[in-house]
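Take a look at the letters that make up each chain.
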Amino acid sequence: MKLKLKTDYALRLLILLGSRPEQMFEIETLSRMHQLPVSSVMKIISELVRHGYIRSIRGRSGGVQMNMDPAAIRLGDVVQAMGEPMEIVDCSSCLLVGNCRLKGVLCEAAQAFAEVLMKYRLSDLIEAPAPVLAPLLATEGGAAGSTPT
């Protein structure tokens with residue numbers, strides 16, 4: 001299975017925000033760090049806010065930060081919240097629909113994929129920052145005037 005880019009970046013943003021839960025990050029900073037257009041980051045952020053994973057504060061010293069404990073966030077829940085379809089194929093127009101056993105196998109594979117995602121929590125991904133994440137956190141500031149801790 002392949003995740004949509006929106007879901008992929010939602011997970012990446014949560015990993016980053018979860019690694020610094022008390023820090024406020026500006027949308028522009030997140031956009032630069034992930035090399036995404038600001039409008040794309042804003043759409044993803046609004047979905048994450050809507051589902052309660054992060055919070056957004058408007059204004060001069062505003063930004064976004066974690067709203068939930070990373071240990072309470074299951075990866076499978078995030079994938080579902082981002083509207084990720086869990087079907088591998090659409091069998092509705094197939095000529096073999098009455099005699100095919102492939103759909104059952106593919107449904108089982110999709111279920112296994114979902115079960116694995118539900119086993120892991122965001123905290124599992126951020127307990128020890130990945131070597132590539134540490135330099136990003138050290139060089140990028142969060143909200144205006146804030147410094148990484």
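Whatever comes next refers back to the structure up there.
Residues numbered from 1 in each chain as written. Predicted model: local features only at pLDDT ≥ 70, side-chain atom pairs only at ≥ 80, totals over all residues. Heavy atoms only, no water.

A. Broad picture of the overall build of the protein. When helices and strands are tallied, the protein shows seven helices and two strands. Listing each helix as α and each strand as β along the protein from the N terminus yields α-α-α-β-β-α-α-α-α. Scored against the burial criterion, the 149 residues of the protein give a buried share of 37%. The contacts of the protein with a sequence gap of at least 6 include a subset with a gap of at least 24, amounting to 71%. As presented, the protein carries roughly 9100 Å² of accessible surface, and 56% of it is formed by carbon and sulfur atoms. (Helix = DSSP H or I, 4+ residues; strand = E, 2+ residues; numbered from the N terminus. Buried < 20%, exposed > 50% of the residue type's maximum accessible area, 1.4 Å probe, protein only. Contact = heavy atoms within 4.5 Å. Areas by Shrake-Rupley, 256 points an atom, 1.4 Å probe, with all protein chains shown as cover.)

B. Geometry of the nonpolar core. One finds Leu-14, Leu-30, Ile-45, Leu-48, Tyr-53, Ile-54 and Val-64 to be the most contacted residues of the largest nonpolar core, which totals 28 residues. Listed by contribution, the elements that provide at least two residues to this core are α1 (5-19), α2 (27-34), α3 (38-50), β2 (63-66) and α4 (75-81). Per-element accounting of this core gives the leading share, seven residues, to α1. The contacts of Leu-30, once residues within four sequence positions are left out, are Leu-13, Leu-16, Leu-17, Phe-25, Val-41, Ile-45 and Val-64. (Core = buried A, V, L, I, M, F, W, Y, C linked by side-chain atoms within 4.5 Å.)

C. A look at the layout of surface pockets. Estimates place the volume of the largest pocket at around 370 Å³. Every residue lining the largest pocket is counted, 15 residues in all, and those nearest its centre are Ile-27, Met-42, Ser-56, Ile-57 and Val-64. Counting residues per element, the lining of the largest pocket draws most heavily on α3, which supplies four residues. Split by residue class, the lining of the largest pocket holds six nonpolar, five polar and four charged. (1 Å grid on protein atoms, 1.4 Å probe; cavity = no way out; pocket = protein on both sides within 12 Å on 5 of 7 lines; lining within 4 Å. Points joined across faces, edges and corners; volume = space filled by probe spheres on them. Nonpolar A, V, L, I, M, F, W, Y, C, P; charged D, E, K, R; others polar.)

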